[in-house]
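Here is what each chain is made of, one letter per residue.
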Amino acid sequence: MSERADVARAVTVLRAGGLVAFPTETVYGLGCDAESPAALRRLFAVKQRPIDHPVIVHVASAAAMEAFAADVPPVARALVDAFWPGPLTIVLHRSARIPDEVTGGRDTVGLRVPDEPHALALLAAFDGALAAPSANRFGKVSPTTAADVRADLGDDVDLILDGGPCRVGVESTIVDCTLAAPAILRLGALAQGAIEKVLGAPVQLRTSGETVAPGTLRGHYAPAARVVLVESRAVAARASGLLASGERVAVLMLAPAVADLPAGLTVLDLPVDVDDFARVLYTRLRDADRARVDVVLVVPPPPAGVGGAVVDRLTRAAAATARQ
Ligand code: TXA
Ligand code: MG
């Protein structure tokens with residue numbers, strides 16, 4: 001079917017209160033009409049997501065944002081001008097068009113314009129707002145291909161728009177613009193430094209402590225395998241020890257691989273830089289589970305650029321899968 005026909009069918013499904021998975025540049029989203037409480041309730045049920053965890057609302061443009069936010073402070077305008085469409089979610093006070101089901105009852109809403117042609121075509125044709133969390137069950141690794149969505153959600157999703165693999169591979173950066181000074185609630189695809197450059201000031205990180213953004217729960221982004229973070233010079237010895245105790249072991253690290261890796265160790269990937277690392281991260285964690293690997297040794301990349309988000313997700317995955 002043509003792309004335009006797919007989008008038209010998706011709009012029909014959404015208008016009827018259905019669920020449509022669609023690609024964004026970061027990860028696949030599971031979308032529904034953000035103004036339909038019934039559709040939102042089904043979305044939360046399918047995701048098995050606690051109802052007090054707010055979802056991101058996707059709009060077609062910065063102009064469309066105005067209808068869903070109660071007020072847009074200058075910092076938010078500056079960020080939106082610089083980074084939309086793109087992997088930035090801004091938290092603003094919500095307008096009356098955003099139902100409680102979107103926000104878990106809080107008076108703020110997370111908004112974003114994704115930078116992906118299918119998503120933008122869908123949003124333009126839908127002519128409204130789409131609530132869309134990542135299209136996986138709650139707490140699992142986000143999907144970066146249509147096949148990942150199908151594997152996770154099966155027939156619980158009414159339609160999947162297939163845009164191929166996601167270009168970025170980790171979720172958007174979330175900036176709370178309702179505070180006196182804007183703060184990053186979730187590290188993501190857009191680097192902290194890029195945000196600070198536009199704002200002309202340091203931005204505080206509020207990604208832990210009291211949970212402002214539930215994606216920051218320690219148990220998020222976890223595969224079934226244990227994720228263990230190691231320095232590159234410790235990989236070989238660590239892998240040998242685990243293999244000797246009978247575990248299936250894999251490694252993920254920036255290229256080049258260390259020289260003396262033991263036989264029997266699965267090399268999941270050797271990304272060439274941090275962008276590549278972000279792009280393959282979730283797919284490789286899924287590969288590890290498909291290969292029934294027990295332990296994934298990961299050498300975290302440098303935290304520059306999108307590397308900050310990669311290290312964040314890996315740290316959470318390691319905490320979530322650590323042996324008690
Ligand atoms: O890249 C992304 O952001 C992807 C794509 C699909 O756009 N979406 C995504 O959604 O990662 P989800 O539901 O998996 O994560 C949404 C995050 C959660 O951490 C949630 O707490 C936060 O956004 N969030 C949404 N609305 C919020 C609000 N009003 N205040 C604070 N955090 C909010
Ligand atoms: Mg998610």
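Rules behind the numbers
- Just so you know, the residues in each chain are numbered from 1, in the order the chain's sequence is written.
- Chains carry letters from A onward and ligands carry numbers from 1 onward, assigned in written order.
- A pLDDT threshold of at least 70 governs which residues receive local features in this predicted model, and a stricter bar of 80 or more applies before side-chain atom pairs are shown or counted, although totals over entire chains, interfaces and linings include all residues.
- Where side-chain values are given, they derive from all heavy atoms of the structure, hydrogens and water being excluded.
- The numbering of helices and of strands both runs from the N terminus, where a helix is a DSSP run of H or I of at least 4 residues and a strand a run of E of at least 2.
- Only the C-alpha atoms count toward the radius of gyration. The rule for a globule is 2.2 Å times the residue count to the power 0.38.
- Burial classification: accessible surface area is computed with a 1.4 Å probe over protein chains only, and a residue below 20% of its type maximum counts as buried, one above 50% as exposed, and the rest as partly exposed.
- By definition, residues are in contact when any of their heavy atoms lie within 4.5 Å.
- Here the bounds of each domain stem from an automatic or database domain assignment.
- Accessible surface is computed with a 1.4 Å probe, and the buried area is the amount of it that two parts give up when combined, taken over both parts together.
- Salt bridges are defined as contacts in which a side-chain nitrogen from Lys or Arg sits within 4 Å of a carboxyl oxygen from Asp or Glu.
- Whenever a nitrogen or oxygen atom comes within 3.5 Å of another N or O atom, the pair is scored as a polar contact, on the condition that within protein one atom can donate a hydrogen and the other can accept it, and that pairs from neighbouring residues in sequence are kept only if both atoms are in side chains.
- Any residue that is not Ala, Val, Leu, Ile, Met, Phe, Trp, Tyr, Cys, Pro, Asp, Glu, Lys or Arg is counted as polar, Gly included; the first ten are nonpolar and the last four charged.
- Each direction from the helix axis to a C-beta atom contributes to the arc, which is the arc of those directions.
- A strand pair is defined by DSSP finding two or more bridges across the two strands.
- Whether two aromatic rings pair depends on their centres lying within 6.5 Å, for rings of Phe, Tyr and Trp, where Trp uses its six-membered ring; planes under 30 degrees apart make the pair stacked, over 60 edge-to-face, and the rest tilted.
- Orientation is described by axes fitted as lines to C-alpha atoms, over the contacting stretch for helices, and by angles from 0 to 180 degrees between their N-to-C directions.
- Crossing handedness is read from the near helix: turned anticlockwise from the far helix by less than a right angle, it gives a left-handed crossing, and turned clockwise, a right-handed one.

Quick look at the overall build of the protein chain
Looking only at helices and strands, the protein chain has eleven helices and 14 strands in total. Computed over its C-alpha atoms, the radius of gyration of the protein chain comes to 20 Å, within 12% of the 20 Å expected for a compact globule of 324 residues. Along the first, second and third principal axes, the C-alpha atoms of the protein chain reach 60 × 45 × 35 Å. Taken over 324 residues, the protein chain has a buried fraction of 54%. The long-range fraction of contacts in the protein chain, counting pairs at least 24 apart against all pairs at least 6 apart in sequence, stands at 66%.

Describing the domain arrangement of the protein chain
Under the domain assignment used here, the protein chain contains domain 1 (3-205) and domain 2 (226-321). On a C-alpha basis, the centres of domain 1 and domain 2 stand 29 Å from each other. At the interface, 19 residues of domain 1 touch 15 residues of domain 2. The largest share of the area that domain 1 buries against domain 2 comes from Val141, Val170 and Leu187, three residues that together contribute 38% of it. Our count for the contact surface shared by domain 1 and domain 2 stands at three salt bridges. The partner of Arg313 in a salt bridge is Glu171, with the nearest N and O atoms 2.9 Å apart. Counting across the interface, domain 1 meets domain 2 through seven residue pairs in polar contact (both at pLDDT 80 or more). Of the residues that constitute the side of domain 1 that touches domain 2, the class distribution is nine nonpolar, five polar and five charged.

Quick notes on unusual backbone geometry
Cis peptide bonds are those with omega within 30 degrees of zero, and the linkage from Trp84 to Pro85 qualifies with -10 degrees. Inspection of the secondary structure puts Pro85 in the loop between α4 (74-83) and β4 (88-93). Residue Pro256 is bonded to the preceding Ala255 through a cis peptide linkage, with omega at -5 degrees. Phi at Arg292 takes a positive value of approximately 55 degrees, unusual for a residue other than glycine.

Some words on α4
Along α4, the residues that are buried comprise Ala76, Leu79, Val80 and Phe83. One side of α4 holds all its buried residues, which, seen down the axis, span an arc of 100 degrees. Relative to its buried face, α4 has exposed residues pointing more than 90 degrees away, namely Pro74 and Asp81.

Let's talk about the sheet that holds strand β9 (residues 183-186)
Here we have ten strands laid out as an open sheet, ordered β7-β1-β2-β6-β3-β5-β4-β8-β9-β10, and mixed in their pairing. The sheet terminates laterally at β7 (159-160) and β10 (204-205), the two strands that pair on one side only. Pairing geometry for strand β3 (residues 56-58) and strand β5 (residues 108-112), over three bridges, is parallel. The residue bridging His58 from the neighbouring strand is Arg112, located in β5.

Brief notes about the packing of aromatic side chains
One pair of aromatic rings is described through two measures. These are the centre distance and the angle between the planes. Using the criterion set out here, one finds one aromatic pair in the structure. Between the aromatic rings of Tyr221 and Tyr282, the centroid separation amounts to 6.4 Å while the plane-to-plane angle is 10 degrees, which identifies the pairing as stacked. Taken together, the residues Tyr221 in the loop between β10 and β11 (226-229) and Tyr282 in helix α10 (residues 274-290) connect sequence positions 61 residues apart. Judged by relative accessible area, Tyr282 falls into the buried class, the value being 1%.

Describing the packing of α10 against helix α11 (residues 307-321)
Put simply, α10 and α11 touch, their axes get as near as 9 Å, and they point 35 degrees apart. Remark: the crossing between α10 and α11 carries left-handed chirality. Contacts between α10 and α11 pair Val274, Phe277, Ala278, Leu281 and Tyr282 from the former with Gly307, Val310, Arg313 and Leu314 from the latter. Among the residues forming the contact of α10 with α11, the class breakdown is seven nonpolar, one polar and one charged.

Some remarks on the pairing of β5
With five of its five residues buried, β5 lies for the most part within the structure. Across the two faces of β5 the burial is the same, with Thr108, Gly110 and Arg112 and Val109 and Leu111 all buried.

Topic: helix α9 (residues 235-244)
Considered for burial, the residues of α9 that qualify are Val235, Ala236, Ala239 and Leu242. The arc enclosing the buried residues of α9, seen along the axis, measures out at 135 degrees, which places them on a common side. Every exposed residue of α9 that faces more than 90 degrees away from the buried side is listed here: Ala237 and Ala244. Phi for Gly246, located one or two positions after α9, is positive at around 90 degrees.

What about the sheet that holds strand β14 (residues 295-298)?
The pairing of strands in a sheet comes from backbone hydrogen bonds and takes either a parallel or an antiparallel form. Read from one edge of the open sheet, four strands run β11-β14-β12-β13, paired in parallel fashion. Unpaired on one side and paired on the other, β11 and β13 (266-269) mark the two borders of the sheet. Taking each pair of neighbouring strands and ignoring which way they run, the sheet shows an average axis angle of 30 degrees. Here four bridges tie strand β12 (residues 249-252) to β14, and the two strands are oriented parallel to one another. Pairing of Leu252 across the sheet is with Val298, part of β14.

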